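# Residue-level structure breakdown
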Amino acid sequence: MALLTIQDETAMGSILNRLELEIGQEMITVRELISRRVQQEVATYNARQVGVFSGLVQPTMSERVLNGFRLRQPKPIDAEEQLYKALEGFQQNGYFVLVNDRQVESLDEEVWLGVGATASFIKLTPLVGG
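The numbers attached to residues start from 1 for each chain and follow its sequence in the written order. Only residues with pLDDT of at least 70 are given local features in this predicted model, and only at 80 or more are side-chain atom pairs given and counted; all residues enter the totals for whole chains, interfaces and linings. Note that water and hydrogens are dropped before the side-chain values are worked out from all heavy atoms of the structure.

A few words now on the side chain of Glu41. Examined against the element boundaries, Glu41 turns out to sit in helix α1 (residues 30-48). Definition of a polar contact: a pair of N or O atoms within 3.5 Å, with one able to donate and the other able to accept a hydrogen when the atoms are protein atoms, and with sequence-neighbouring residues admitted only if both atoms are side-chain atoms. Among the polar contacts made by the side chain of Glu41, one reaches the side chain of Arg37 at a distance of 2.5 Å. If we skip the residues at most four places from it in the chain, Glu41 touches Leu19, Phe53, Ser54, Gly55 and Leu56. Secondary structure counts use DSSP, requiring at least four H or I residues in a row for a helix and at least two E residues in a row for a strand, with both numbered from the N terminus. We call two residues in contact when some of their heavy atoms are within 4.5 Å.

Right under this line is the structure:
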């Protein structure tokens, strides 16, 4: 079983969050990579339900804080809803993914995740006008 390092980065290259994900096979689709990542984030948060949720997608009824999102009222996060938002965000260019320093283009693209593989999720910040 390989251990995949996942990093959330800004467009300027600053690392916002880092996590490790166990992957059982060497080839996986981008859709499955995002799914496993989101499921692990939600399961980790739901096990304790306190503090800040550090995830790819902002949960409903939460506010952005320094290192993630704080739910207004602690409660379990819906993994299915988070996954839907994450997949939609990828398709609408809300973020892009680099696997082994190569940008992936579609959810159905297969990527190699053997020993030493890395995945970077680069979140794009929308411009705010006055």
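Moving on from the model shown.
What follows concerns the layout of surface pockets. The gaps of empty space that remain are located by a probe, the size of a water molecule, rolled over the atoms. Here a cavity is any set of points on a 1 Å grid over the protein atoms alone where a 1.4 Å probe fits but cannot get out, and a pocket is any open set with protein on both sides within 12 Å along at least 5 of 7 lines; a residue lines the site when it has an atom within 4 Å of a point. Grid points are joined across faces, edges and corners, and a volume is the space filled by probe spheres set on the points. Each pocket or cavity is described by its volume, and for the largest pocket that value is around 610 Å³. Every residue lining the largest pocket is counted, 27 residues in all, and those nearest its centre are Leu16, Leu56, Arg64, Phe69 and Lys123. Listed by contribution, the elements that provide at least two residues to the lining of the largest pocket are β2 (15-23), β4 (62-65), β5 (68-71) and α2 (79-91). It is α2 that provides the largest number of residues to the lining of the largest pocket, a total of four residues. Grouping the amino acids of the lining of the largest pocket by side-chain chemistry returns 12 nonpolar, 10 polar and five charged. Amino acid classes used here: Ala, Val, Leu, Ile, Met, Phe, Trp, Tyr, Cys and Pro are nonpolar; Asp, Glu, Lys and Arg are charged; the rest, including Gly, are polar.

A 1.4 Å probe rolled over the protein chains alone gives each residue an accessible area, and that area as a share of the maximum for its type sets the label: buried under 20%, exposed over 50%, partly exposed in between. Of all eight residues in strand β1 (residues 2-9), seven are buried; the element is thus mostly enclosed. Looking at chain direction, β1 and β2 are connected through eight bridges and run antiparallel. Following the sheet pairing, Glu9 is matched in β2 by Ile15. With antiparallel pairing between neighbouring strands as the criterion, β1 and β2 make up a hairpin whose turn holds five residues, including Gly13 at a positive phi of roughly 95°. The pairing criterion for strands is at least two bridges between them, as found by DSSP. Taken together, the five bridges between β1 and strand β9 (residues 118-123) define a ladder with parallel strand orientation.

Pairing of aromatic side chains requires ring centres within 6.5 Å, counting the rings of Phe and Tyr and the six-membered ring of Trp. Pairs whose planes differ by under 30 degrees are stacked, by over 60 edge-to-face, and all others tilted. Applying the stated criterion across every chain, the model contains three aromatic pairs. When the centroid spacing of 5.7 Å and the interplanar angle of 90° are considered together, the rings of Tyr45 and Phe53 count as edge-to-face. For the pair shown, Tyr45 and Phe53 are each scored as buried. Members of the aromatic cluster, joined through ring pairs, are Phe90, Tyr95 and Phe121. Looking at Arg37, its charged tip hangs above the ring of Phe121, at a distance of 4.6 Å from the centre. Any Lys NZ or Arg CZ found within 6 Å of a ring centre and within 35 degrees of that ring's normal is scored as a charge over the ring.

Salt bridge, as used here: a side-chain nitrogen of Lys or Arg that lies within 4 Å of a carboxyl oxygen of Asp or Glu. According to the stated counting rule, one finds six salt bridges in the structure shown. Ionic pairing is found between Arg37 and Glu41, a salt bridge with its closest N-O pair at 2.5 Å. Note that Arg37 and Glu41 are positioned in helix α1 at a spacing of four residues, about one turn of the helix. Neither residue differs from the other here; Arg37 and Glu41 are each classed as buried.

With that settled, consider the pairing of β4. Strand direction decides the pairing type here: β4 and β5, joined by four bridges, are antiparallel. Residue pairing across strands places Val65 opposite Gly68, the latter belonging to β5. Count of turn residues in the β4/β5 antiparallel hairpin: two residues.

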